[in-house]
Amino acid sequence: MASNHKSSAAHPVSRGGVGLTGRPPSGIRPLSGNIRVATAMPPGTARPGSRGCPIGTGGVLSSQIKVAHRPVTQQGLTGMKTGTKGPQRQILDKSYYLGLLRSKISELTTEVNKLQKGIEMYNQENSVYLSYEKRAETLAVEIKELQGQLADYNMLVDKLNTNTEMEEVMNDYNMLKAQNDRETQSLDVIFTERQAKEKQIRSVEEEIEQEKQATDDIIKNMSLENQVKYLEMKTTNEKLLQELDTLQQQLDSQNMKKESLEAEIAHSQVKQEAVLLHEKLYELESHRDQMIAEDKSIGSPMEEREKLLKQIKDDNQEIASMERQLTDTKEKINQFIEEIRQLDMDLEEHQDPTNYGWKIIEKNTGSFKKQV
């Protein structure tokens, strides 16, 4: 405040608005070239306090600023904190989006390069790991061979330390050699059996493929209705197979449960007696149910009499039908006998009269008549 008073005293202002020293005041002084002055103001944005904008109508001057809004520091009062965000781009044209796209593309390329480098490093490490793994396998085989040789040498040292004779060592050697020969023979047999089984499996798989192709051809040659029926039956078959699997699992679980219960019953005398009593009770109940069913099936005496009469009538009808059939067969037999007799007579007329065939036929027919 003191500096302001001094400046005003040092530069007195005349009535015409020009100072005594010939320097115009700051209000009338022309602005420097670095400061831009707006040539026109948009409507409705007049300075506060002028005719266009009266005092107290709004804006920054009309906002009520409190002392508590100004933070206090050791050096005194400071200004209110404002947003640090600078002016942004007003027009988002093609160049703006191209620049943004280029920046994103550069970020993506850098990220892709990083990933590519990581992949290359991983591949190198993987190749090195594979080489080390192969080397480890070969070394493991060598270690096994050396361990076997070491065990042989240790056994030899033990034999030498125990003063065993050469004959015992040779006997052990021959015994181990015979055992190894037997094992190699068994391995050869197993290997040949495995090859034969694999061959059978391949042949069966080929047959299955052929059958599948044949079924596919048959399905293709079918009509649409038959194909739809086939697909429906196939789906039902799959469902039934699934149900069968579930039921088989349930059956296996029940069998296991049954076995466990039977094992528990076998160790307990009381449970065995209870099982026997349950079985006896089940037999008696089934016998009771059977007797009740028979009692229900048996009617009154009148009904039984009617049933018997009906059965007698049916039997009589069957006997009558059988007698009729018997008479018909007798008549047919007599007719056949007469025909044979006539044929024999015709033969006797044309050939030598030998009654040998006729006697045999007559004998057979006579015996048949006696039976009838």
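For every chain, the first residue of its written sequence is number 1, and the numbers climb from 1 along that sequence. Reporting in this predicted model follows two pLDDT cut-offs: at least 70 for local features of residues, and 80 or more for side-chain atom pairs to be given and counted; totals over whole chains, interfaces and linings ignore these cut-offs and use all residues. Working from all heavy atoms in the structure, the side-chain values ignore hydrogens and water.

## Comments concerning the overall build of the protein chain
Helix and strand labels come from DSSP, where a helix needs a run of H or I of at least four residues and a strand needs a run of E of at least two; each type is numbered from the N terminus. Regarding its fold elements, the protein chain presents 7 helices and 2 strands. For the protein chain, with 372 residues in total, the buried portion stands at 2%. For this analysis, residues touch if any pair of their heavy atoms sits within 4.5 Å. Within the protein chain, contacts between residues separated by at least 24 positions form 10% of all contacts whose residues are at least 6 apart in sequence. Surface exposure here means Shrake-Rupley accessible area, sampled with a 1.4 Å probe, where a residue is shielded only by the protein chains that are shown. Summing over all exposed atoms, the protein chain offers an accessible surface of approximately 35000 Å²; the carbon and sulfur share of this is 58%. Burial classes: relative accessible area under 20% of the type maximum marks a residue as buried, over 50% as exposed, and values in between as partly exposed (1.4 Å probe, protein chains only).

## Topic: the layout of surface pockets
For each structure, a 1 Å grid was placed over the protein atoms alone; sets of points admitting a 1.4 Å probe that cannot get out are labelled cavities, open sets with protein on both sides within 12 Å along at least five of seven lines are labelled pockets, and lining residues have an atom within 4 Å of a point. Grid points are joined across faces, edges and corners, and a volume is the space filled by probe spheres set on the points. Taken as a whole, the largest pocket encloses approximately 190 Å³ of empty space. Around the largest pocket, the lining residues are Asp152, Tyr153, Met155, Leu156, Lys159, Val169, Asp172, Tyr173 and Leu176. Taken together, the elements giving at least two residues each to the lining of the largest pocket come down to helix H2 (94-161) and helix H3 (166-221). In the lining of the largest pocket, the residues fall into 6 nonpolar, no polar and 3 charged. In this classification, Asp, Glu, Lys and Arg are treated as charged, Ala, Val, Leu, Ile, Met, Phe, Trp, Tyr, Cys and Pro as nonpolar, and every other residue, Gly included, as polar.

## Regarding the packing of aromatic side chains
Ring pairs shown here join Phe, Tyr and Trp side chains whose ring centres sit within 6.5 Å, with only the six-membered ring taken for Trp; geometry is labelled stacked below 30 degrees between planes, edge-to-face above 60, and tilted in between. For the structure shown, the criterion picks out 1 aromatic pair. Their ring planes at 70° and their centres at 5.3 Å tell us that Tyr96 and Tyr97 sit as a pair that is edge-to-face. The class for Tyr96 is partly exposed, based on a relative accessible area of 31%. Residue classification places Tyr97 among the partly exposed residues on the basis of a relative accessible area of 47%.

## Details of the packing of helix H4 (residues 224-266) against helix H5 (residues 269-297)
Angular values range over 0 to 180 degrees, each being the angle between N-to-C directions of two axes fitted as lines to C-alpha atoms, with helices fitted over their stretch in contact. Interaxial distance between H4 and H5 falls to 6 Å at its minimum, and their mutual angle equals 115°. For the pair H4 and H5, contact is made by Glu264, Ile265 and Ala266 and by Lys271, Gln272 and Val275, respectively. In terms of residue class, the contact of H4 with H5 is built from 3 nonpolar, 1 polar and 2 charged.

## Quick look at the pattern of salt bridges
A pairing counts as a salt bridge when a side-chain nitrogen of Lys or Arg comes within 4 Å of a carboxyl oxygen of Asp or Glu. Considering all chains together, one arrives at 5 salt bridges under this definition. Between Lys159 and Asp172 there is a salt bridge, with its nearest N and O atoms 3.3 Å apart. Taken as a pair, Lys159 in helix H2 and Asp172 in helix H3 lie far apart in primary sequence, 13 residues in all. When its relative accessible area of 25% is taken as the criterion, Lys159 is described as partly exposed.

## A short note on a negative patch on the surface
Residues qualify for a patch when their relative accessible area is over 30% and they have no salt bridge, like charges being joined within 9 Å and the nonpolar side chains of Val, Leu, Ile, Met, Phe, Trp and Tyr within 5 Å. When charges are counted, Lys and Arg contribute as positive and Asp and Glu as negative, whereas His and the chain ends are disregarded. Where a charge lies is defined by one atom per residue type: Lys uses NZ, Arg uses CZ, Asp uses CG and Glu uses CD. Together, Glu205, Glu206, Glu207, Glu209 and Glu211 make up a negatively charged patch on the protein surface. Note on placement: Glu206 falls in helix H3. Classification of Glu206 as exposed rests on a relative accessible area of 51%.

## A few points about the confidence of the model for the protein chain
Each residue gets a pLDDT score, which is the predictor's confidence in that residue and runs from 0 to 100. Confidence in the prediction for the protein chain averages 77 pLDDT; 70% of positions are at 70 or higher. Within the protein chain, the lowest mean pLDDT, 40, falls on helix H1 (residues 2-10), and the highest, 92, falls on H3. Note on residues 1-63: pLDDT is under 50 here. Beyond four places in sequence and across chains, it has 23 contacts.

## Section: the environment of Ile219
Here Ile219 shows up in helix H3. In sequence terms Ile219 and Leu231 are 12 residues apart; their C-alpha atoms lie 9.8 Å from each other. Non-local contacts of Ile219, meaning those with residues more than four positions away in its chain, are made with Gln227 and Tyr230.

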